[in-house]
Amino acid sequence: MWILDLDLDFFLNACCPLALYGQRPDSSCAKPWETEAVEAFLERNLGLRKDRPIPGIVTETHDGALAFWKARMEAGALNAPFSVVHVDAHADLGIGKPGPGFVLNNVLGIPPKDRDAFERYYAQKQLDEANYLLFALAFRWIDALTLVRAPFSKPDLPSFCVPDETGYAPIRLQSFVTSLFEPRYGREPEIPLAVCNDPRAYRAPAPFACMNLAISPRYAPKEADALVPVIAQYMTLV
């Protein structure tokens, strides 16, 4: 089962400096794509159709995907593990603060069935929009991950998932904690990672079961918000 995980900042012509909380990047830093270009990419590269919208949601920040995926699983509409196509200018795997250390040294020490109590990680100020995918990997929700990068994306992949020249890298989350708990929890799964740095060449491998779109206001100027209803045409809001 494939999930489409979109970020609005992918549909810009440049990478904006991260704005302060409650603010947006200046409109001079990047321009959003034209509507026709967005629709062409969604249809040609991702296989979406306006006449066959799929269940979806629009969230303010990208970590809202976790609550959406969990709600779908609790409703019986989604089964883990599932495959994720992450279309974004950023990897969201934990580069920068707070970094991957908390996931590797704390979350992986929790029984797998109890790891996805993510409100606890919010309270500890460890989970945010820049590392939520790393948490999803630690929850053992994802069995394959594809990163479709923007042409201007900066290097932001953690050292444990740097791809080879073909764009492939197997991910297995490991730390001293995993070696201690492996007899009890089993070995952390190996998750195939594919990185596509040329989005024009990407083609979705299968129809998507659902999709989510993040506005990511600190990463995209307010002018980009005009693309939200354009993308929402391809989803049935849930």
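Structure: above.
1. Digging into the overall build of the protein chain
Tallying secondary structure elements over the protein chain gives seven helices and eight strands in all. Its C-alpha atoms give the protein chain a radius of gyration of 17 Å, near enough to 18 Å, the size a compact globule of 238 residues would have. Oriented by its inertia axes, the alpha-carbon framework of the protein chain measures out at about 55 × 40 × 35 Å. Out of the 238 residues belonging to the protein chain, those deemed buried represent 51%. Long-range contacts, defined as pairs at least 24 residues apart, comprise 81% of the intrachain contacts of the protein chain with a sequence gap of at least 6. Accessible surface, the protein chain as shown: approximately 11000 Å² in total, 54% of it carbon and sulfur.

2. Side note on the state of the cysteines
Evaluated as defined, the whole model comprises one disulfide. Between the sulfur atoms of C16 and its disulfide partner C29 the distance amounts to 2.1 Å. Disulfide C16-C29: torsion about the S-S bond near 70 degrees, hence right-handed. Taken together, the positions of C16 in the loop between strand 1 (2-7) and helix 1 (35-45) and C29 in the loop between strand 1 and helix 1 put the pair 13 residues apart, joining distant regions of the chain.

3. Brief notes about the layout of surface pockets
Vacant regions in the atomic arrangement are exposed by a probe of water-molecule size rolled over the atoms. Each pocket or cavity is described by its volume, and for the largest pocket that value is around 670 Å³. Along the walls of the largest pocket sit 31 residues, with L18, E129, A130, R218 and Y219 positioned nearest its centre. Its residues assigned to classes, the lining of the largest pocket comprises 15 nonpolar, six polar and ten charged. As a volume, the second largest pocket reaches approximately 150 Å³. Lining the second largest pocket are 13 residues, and of these W33, F41, P151, P199 and R200 sit closest to its centre.

4. Looking at the sheet that holds strand 7 (residues 208-214)
Taken in spatial order, the eight strands line up as 5-6-4-3-1-7-2-8 in an open sheet, and their pairing is mixed. Bordering the open sheet on either side are strand 5 (168-171) and strand 8 (235-237), each of which pairs with just one other strand. If you compare each strand with its neighbour and ignore which way they point, the axes differ by 25 degrees on average. In this sheet, strand 7 lies alongside strand 1 in parallel orientation, the contact comprising six bridges. Residue pairing for strand 7: W2 is matched across the bridge by F208. Packing against the sheet, helix 2 (residues 64-74) makes contact with strand 1, strand 2 (54-59), strand 3 (82-88) and strand 7, and its axis sits at approximately 150 degrees to strand 7.

5. Let's talk about empty space enclosed by the protein
Counted according to the given criterion, the structure contains two cavities of 30 Å³ or more. Estimates place the volume of the largest cavity at around 50 Å³. Lining the largest cavity are D7, D9, H62, D88, H90, D92, E129, S216 and Y219. In the lining of the largest cavity, the residues fall into one nonpolar, three polar and five charged.

6. Section: the nonpolar core
If you look at the biggest cluster of nonpolar residues, it comprises 41 residues, and the most contacted ones within it are L66, W69, L93, Y121, W141, I142 and L147. Of all the secondary-structure elements, those providing two or more residues to this core are helix 2, strand 3, helix 3 (101-105), helix 5 (132-138), strand 4 (142-149), strand 5 and strand 6 (191-196). If one sorts the elements of this core by residue count, helix 5 sits on top with seven residues. In this structure L93 touches A130, N131, L133, L134, L137, L145, L147, L157, P158, F160 and C161, once residues within four positions along its chain are discounted.

7. A word on the pairing of strand 7
For strand 7, the buried fraction is high: six of the seven residues fall into the buried class. Taken together, the four bridges between strand 2 and strand 7 define a ladder with parallel strand orientation. By the bridge assignment for strand 7, T59 is matched with A214.

8. Describing the environment of P98
The topology assignment puts P98 in the loop between strand 3 and helix 3. C-alpha separation for the pair P98 and N131, spaced 33 residues apart in sequence, amounts to 8.3 Å. Those residues in contact with P98 that lie beyond four places of it in its chain are K125, Q126, D128 and N131.

Reading the values: rules and limits
- Residues numbered from 1 in each chain as written.
- Predicted model: local features only at pLDDT ≥ 70, side-chain atom pairs only at ≥ 80, totals over all residues.
- Heavy atoms only, no water.
- Helix = DSSP H or I, 4+ residues; strand = E, 2+ residues; numbered from the N terminus.
- Rg over C-alpha atoms; globule rule 2.2 N^0.38 Å.
- Buried < 20%, exposed > 50% of the residue type's maximum accessible area, 1.4 Å probe, protein only.
- Contact = heavy atoms within 4.5 Å.
- Areas by Shrake-Rupley, 256 points an atom, 1.4 Å probe, with all protein chains shown as cover.
- Disulfide = S-S within 2.5 Å.
- 1 Å grid on protein atoms, 1.4 Å probe; cavity = no way out; pocket = protein on both sides within 12 Å on 5 of 7 lines; lining within 4 Å.
- Points joined across faces, edges and corners; volume = space filled by probe spheres on them.
- Nonpolar A, V, L, I, M, F, W, Y, C, P; charged D, E, K, R; others polar.
- Pairing = 2+ DSSP bridges.
- Axes fitted to C-alpha atoms, helices over the stretch in contact; angles between N-to-C directions.
- Core = buried A, V, L, I, M, F, W, Y, C linked by side-chain atoms within 4.5 Å.

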